[in-house]
Amino acid sequence: MELIQDTPDLSAYLAADDAIDHDHPRVREVADRLAEEAQDSYAYARLAFDFVRDTIPHSQDSGDPRVTWRASDVLERRTGICYAKAHALAALLRAEDIPAALCYQRFDVVHGLVAVRLDGAWHRQDPRGNKPGVNAWFSLGREHLAFTPDRAAGETDYPELYAAPHPAVLDVLKAATDRPHLWEILPTAL
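Computed from a predicted model, the values in this text were never measured in an experiment. (Residues numbered from 1 in each chain as written. Predicted model: local features only at pLDDT ≥ 70, side-chain atom pairs only at ≥ 80, totals over all residues. Heavy atoms only, no water.)

### So, the environment of Thr 148
- For Thr 148, the position within the fold is in the loop between strand E4 (121-125) and strand E5 (156-157).
- Here the alpha-carbon distance between Thr 148 and Arg 106, two residues 42 residues apart in the chain, equals 9.9 Å.
- Excluding anything up to four places from it in sequence, Thr 148 contacts Phe 107 and Glu 155. (Helix = DSSP H or I, 4+ residues; strand = E, 2+ residues; numbered from the N terminus. Contact = heavy atoms within 4.5 Å.)

### A few points about the sheet that holds strand E2 (residues 100-106)
- Ordered by their spatial adjacency, 4 strands build an open sheet running E4-E3-E2-E5, and the pairing between neighbours is antiparallel. Looking at which strands have only one partner, the edges of the open sheet turn out to be E4 and E5.
- Looking at chain direction, E2 and E5 are connected through 2 bridges and run antiparallel. By the bridge assignment, Arg 106 is partnered in E5 with Thr 156. (Pairing = 2+ DSSP bridges.)

### Let's talk about helix H5 (residues 82-95)
- With 14 residues, H5 should cover 20 Å at 1.5 Å per step; its first-to-last C-alpha distance of 20 Å lies within 8% of that length.
- Following H5 by one or two positions, Asp 97 adopts a phi angle in the positive range, close to 60°. (Expected span 1.5 Å × (residues − 1).)

### A look at helix H2 (residues 41-55)
- Compared with the 21 Å implied by 1.5 Å per residue over 15 residues, the 21 Å span of H2 between its first and last C-alpha is a close match.
- Residues of H2 that are buried sit in contact with helix H1 (25-37), helix H4 (71-77), H5, strand E3 (110-118) and E4.

### Some points on the packing of aromatic side chains
- All chains considered together, the criterion is met by 6 aromatic pairs.
- Considering the side-chain rings of Tyr 104 and Tyr 162, the 5.8 Å spacing of their centres and the 55° angle between planes classify their relative orientation as tilted. Of this pair, Tyr 104 sits in strand E2 while Tyr 162 sits in the loop between strand E6 (160-161) and helix H6 (167-175), placing them 58 residues apart in sequence. In this pair, the class of Tyr 104 matches that of Tyr 162, namely buried.
- These aromatic residues form a ring-pair network of at least three members: Tyr 42, Phe 49 and Phe 138.
- Taking NZ or CZ as reference, Arg 179 lies 6.0 Å from the ring centre of Trp 183, over its face. (Phe/Tyr/Trp six-rings, centres within 6.5 Å; stacked < 30°, edge-to-face > 60°. Buried < 20%, exposed > 50% of the residue type's maximum accessible area, 1.4 Å probe, protein only. Lys NZ or Arg CZ within 6 Å of the ring centre and 35° of its normal.)

### Thoughts on the layout of surface pockets
- Within this model, the largest pocket holds a volume of roughly 350 Å³.
- Lining the largest pocket are 17 residues, with Phe 107, Val 109, Val 110, His 111 and Phe 147 positioned closest to its centre.
- A breakdown of the residues in the lining of the largest pocket according to their chemical character gives 9 nonpolar, 4 polar and 4 charged.
- The calculated volume of the second largest pocket comes to roughly 190 Å³.
- The wall of the second largest pocket is formed by 13 residues, among which Glu 143, His 144, Leu 145, Phe 147 and Thr 148 lie closest to the centre.
- Here the residues of the lining of the second largest pocket are counted per class, giving 4 nonpolar, 4 polar and 5 charged. (1 Å grid on protein atoms, 1.4 Å probe; cavity = no way out; pocket = protein on both sides within 12 Å on 5 of 7 lines; lining within 4 Å. Points joined across faces, edges and corners; volume = space filled by probe spheres on them. Nonpolar A, V, L, I, M, F, W, Y, C, P; charged D, E, K, R; others polar.)

Pasting the structure below:
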């Protein structure tokens, strides 16, 4: 699948906004700590991915009712669903001048991913969090995402790379009073 930037301006994929608040002190603190361990951009991106995937539980898996949407809140509260975890990873990447995009898949509901731009190309990553039956890892080669769409069932990969969270995603995250409420209003398409 060819990934398509929603804007040709690569600097848009380095920008901070309300959700990807990489200029927030909490995001900077985590980014600085990870950067100390990394020898290069690839190593940093892998460390950031592993950090979000492995140390921030997916709120559905952990039973956490809180809904987070800002990257800084995800890092502070250590919880989030796929979209929120994608915002956190994008912020950590952008904090170290690595372009990061938000991208999505559609199953019964829309699932959130991140694309990182390294070695002159975009590479999709899924920081959702592993569990039995889900085994995603960082790769610049063949994708190792949490889920693979079943085209026969109408599932799909959206090819668009967004510089900011899709409004349908951000709106439901902001509107949800708790995770059970969020599950009732998750977008089923973009």
